[in-house]
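The chain contents come next:
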Amino acid sequence: MKKTFYPKLAAGNIRKNSKTYIPYILTCILTAAMFYIVKSLSLNPGLGEMIGGDTISYIMELGSWIVALFAFIFLFYTNSFLVKRRKKEFGVFNILGMEKRHLAAVLGWETLYVMLLSLTGGVGLGIALDKIMFLLIGKILGAEIVLGFFIEPQTILMTVKLFAVIFVLILLNSVGQIHIANPIELLHAGSAGEKEPKTKWLMTLAGMACVAGGYYIALTVENPLMSIFAFFIAVILVIIGTYMLFIAGSIAVLKLLKKNKKFYYKTKHFTSVSGMIYRMKQNAAGLANICILSTMVLVTVSSTCSLIIGLEDILKTRYPLELTVISHEKDEKRSEELINLARNMQKEKNMQVLKEVQYTYLSFSAFIEGDTFQAEPQAELAAVDNSYVLLFMPLSDYNATEGVHKTLREDEIMIYANRVPYDEPVLNLLGRQYRVTEQLDHFIGNGPVAAVASNALIIVLPDRECLNEIYEKQKEIYGDRCSDICLLYGFDCGSEREEQKAYYYELSREIEAQGFDGRTESREEARMSFASLYGGLFFIGLFLSILFVMATVLIIYYKQISEGYDDKERFAIMQKVGMELREVKASIRSQVLMVFFLPLAVAGIHTAASFKMLSEILAILNFVNVRLYVLCTVTAYLVFAGMYVGIYVLTARVYYRIVSR
């Protein structure tokens with residue numbers, strides 16, 4: 001046998017199976033390009049020179065690992081479609097005299113061709129698009145861009161190594177499947193699974209329990225800090241439950257319909273239910289994958305778009321006022337000197353003050369049990385679920401800040417909750433009980449408190465004496481780690497952004513030079529770091545969404561091809577038993593539509609169930625504009641649904657072309 005026989009046979013096999021190989025190769029090229037771009041950006045020195053570029057680089061490094069993991073799992077999965085469709089072909093080769101080692105050689109050459117095409121196309125496309133992505137990040141950060149390409153040999157080498165390992169493992173897996181199967185099994189592999197599936201009630205109930213558990217966690221977690229950990233638990237439960245329900249639950253429902261004789265023994269229902277049972281057995285795992293990937297796309301796009309679109313709202317939540325000065329001086333006179341320094345500098349720079357706020361406050365952490373808050377210096381981490389940040393301020397400062405004339409008795413307080421409402425009529429703290437007279441719906445804000453991930457309560461006390469009393473009691477408990485009474489002064493002005501930043505830098509230098517115990521904050525100075533963080537998250541979210549969509553399209557495409565070959569025989573049998581062509585087409589069309597759009601519907605339900613928990617997680621990033629998040633989620637779902645319909649229209653043509661032959 002000539003040495004060129006196997007390479008030529010492998011090349012011919014790829015050409016003959018172009019309908020399945022071309023989409024697979026394109027996917028490999030795009031995945032390799034994605035990995036190259038993300039890894040290249042993480043190593044690009046130009047990114048580090050931008051303000052906030054270090055954050056982007058770190059996010060890109062994490063993103064490269066996510067893309068690598070995705071490439072490994074997804075390419076393995078899609079290759080399984082190819083192997084399944086070609087087992088019959090391998091069986092014929094085996095019967096005609098080719099040994100298993102010969103088949104392995106053919107598979108080896110096919111894998112080598114695909115790997116070379118994927119790496120050449122992927123790295124080439126990655127180099128071509130890398131600069132565009134760099135320019136996009138620069139645009140997000142508002143940085144000046146230096147022209148010229150950046151090509152890092154290390155990135156090319158890492159891309160080659162990663163995909164070489166993936167393709168070698170794919171080859172070993174494919175060869176293993178061929179090796180353990182006999183020729184007869186290979187010939188009938190394409191039509192395997194025609195036996196009616198059994199009802200798996202235990203798996204169905206377990207799937208329902210997993211999904212219900214995931215939904216319960218998503219809908220009941222209140223504390224944002226716990227939301228992050230709970231989110232991963234909920235995601236794992238929902239993924240497991242989704243697979244179980246698609247694999248076993250769908251069969252159980254269809255079997256129940258089959259047992260209903262009045263429903264089942266009608267021409268339309270008989271063919272549809274029978275056909276659906278076999279479809280769900282063969283395609284349940286693929287449909288579950290489509291559902292999970294669709295959910296990932298919706299969650300990723302809606303959350304990252306909300307962050308980047310709502311950046312201004314996020315900044316205003318974290319920095320309620322454009323410029324803020326906070327004094328930690330224990331001497332009130334010294335605190336006033338610091339505030340006067342800020343005011344004098346305003347006059348020197350002819351800054352127009354549009355709005356200013358000044359108030360005294362005390363802030364420390366406590367743990368809630370019912371209506372009682374406890375300050376515990378040695379609290380365990382397990383108690384973080386019921387932790388709060390409490391901010392106290394005297395009524396006189398609140399009235400001056402809000403421009404109102406509220407009154408309180410000695411044992412009365414008013415409360416503003418930043419996230420989770422406090423509904424108890426009384427509040428017990430440090431051995432004293434206070435009656436809550438009013439739940440405030442607005443407060444000017446406190447940036448340092450907004451930056452804390454825990455829930456927070458703003459508590460308005462009757463007078464300064466009450467504030468001093470609470471200060472002394474918490475000092476006894478916390479000792480050296482106690483909080484001090486602070487004086488906050490903040491203002492909005494009509495100055496340009498650069499002028500505000502210049503004021504911030506000069507005031508910060510003066511505070512340090514004169515030895516004040518205090519600090520200053522600037523919304524404009526923080527804008528770039530926020531833009532880099534959320535811009536990086538948006539960028540990675542965009543990349544992952546493209547990967548997930550690409551995976552969804554490919555799985556749908558292979559599912560349509562697989563179903564087309566399976567339905568071709570059913571199509572002929574249904575006509576032979578007397579069904580009209582119109583009835584056959586209507587029956588199969590209804591089954592295809594039901595199977596095709598089931599993952600989209602379930603993905604919508606999963607996204608809706610995750611909404612509350614994701615809102616809590618976004619609140620940690622100071623995003624509290626729930627209305628914008630709703631709008632982004634609904635828009636993402638409608639756009640994705642439209643794209644999903646487009647995918648169906650395109651892939652359905654391939655399906656009907658196969659069936660009608």
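Bear in mind that the values here come from a model prediction, so they are computed numbers and not experimental data.

Procedures and definitions
- Residues numbered from 1 in each chain as written.
- Predicted model: local features only at pLDDT ≥ 70, side-chain atom pairs only at ≥ 80, totals over all residues.
- Heavy atoms only, no water.
- Helix = DSSP H or I, 4+ residues; strand = E, 2+ residues; numbered from the N terminus.
- Buried < 20%, exposed > 50% of the residue type's maximum accessible area, 1.4 Å probe, protein only.
- Contact = heavy atoms within 4.5 Å.
- Areas by Shrake-Rupley, 256 points an atom, 1.4 Å probe, with all protein chains shown as cover.
- Polar contact = N/O pair within 3.5 Å; in protein donor to acceptor, adjacent residues only side chain to side chain.
- Pairing = 2+ DSSP bridges.
- 1 Å grid on protein atoms, 1.4 Å probe; cavity = no way out; pocket = protein on both sides within 12 Å on 5 of 7 lines; lining within 4 Å.
- Points joined across faces, edges and corners; volume = space filled by probe spheres on them.
- Nonpolar A, V, L, I, M, F, W, Y, C, P; charged D, E, K, R; others polar.
- Patch = residues over 30% accessible without salt bridge, like charges linked within 9 Å, V, L, I, M, F, W, Y side chains within 5 Å.
- Salt bridge = Lys/Arg side-chain N within 4 Å of Asp/Glu carboxyl O.

Any chance you could explain the overall build of the protein chain here in plain terms?
A tally of regular secondary structure across the protein chain gives 20 helices and 10 strands. Buried residues in the protein chain amount to 51% of all 661 residues. Sequence separation of 24 or more characterises 83% of the internal contacts of the protein chain that already satisfy a separation of 6 or more. Of the accessible surface of the protein chain, which amounts to about 31400 Å², a share of 63% is contributed by carbon and sulfur atoms.

Where do I start with the side chain of T31 in this structure?
Tracing the chain through its elements places T31 in helix α2 (residues 18-43). Among the polar contacts made by the side chain of T31, one reaches the main-chain carbonyl oxygen of T27 at a distance of 2.7 Å. Non-local contacts of T31, meaning those with residues more than four positions away in its chain, are made with V67, A71, F163, L547 and M550.

Would you take a moment to explain the pairing of strand β7 (residues 432-439) for this structure?
Note on strand geometry: in a regular strand, side chains alternate between the two faces of the sheet. Pairing of strand β5 (residues 412-417) with β7 involves four bridges; the strand directions are parallel. Residue pairing for β7: M414 is matched across the bridge by E438. In terms of strand pairing, strand β6 (residues 426-429) meets β7 through four bridges, oriented antiparallel. Along β7, the bridge assignment pairs L429 with R432. Linking β6 back to β7 in an antiparallel pair, the connection comprises two residues, with L430 at a positive phi of about 55°.

It is not clear to me how empty space enclosed by the protein should be interpreted in this structure. Could you clarify?
To find leftover empty space, one rolls a probe the size of a water molecule over the atoms. By the definition in use, this model includes two cavities of 30 Å³ or more. Reported here for the second largest cavity is a volume of approximately 70 Å³. Surrounding the second largest cavity, 12 residues form its lining, P320, T324, G445, G447 and L488 being those nearest its centre. Its residues assigned to classes, the lining of the second largest cavity comprises seven nonpolar, four polar and one charged.

Mind showing me how you'd approach a nonpolar patch on the surface here?
Together, L69, F72, I73, V165, V168, L169 and L172 make up a nonpolar patch on the protein surface, roughly 630 Å² of accessible area in all. Position of I73 relative to the elements: it lies in helix α4 (residues 53-95). Looking at I73, the relative accessible area reads 51%, which means it is exposed.

Scope: geometric values only; no functional claims are made or implied.
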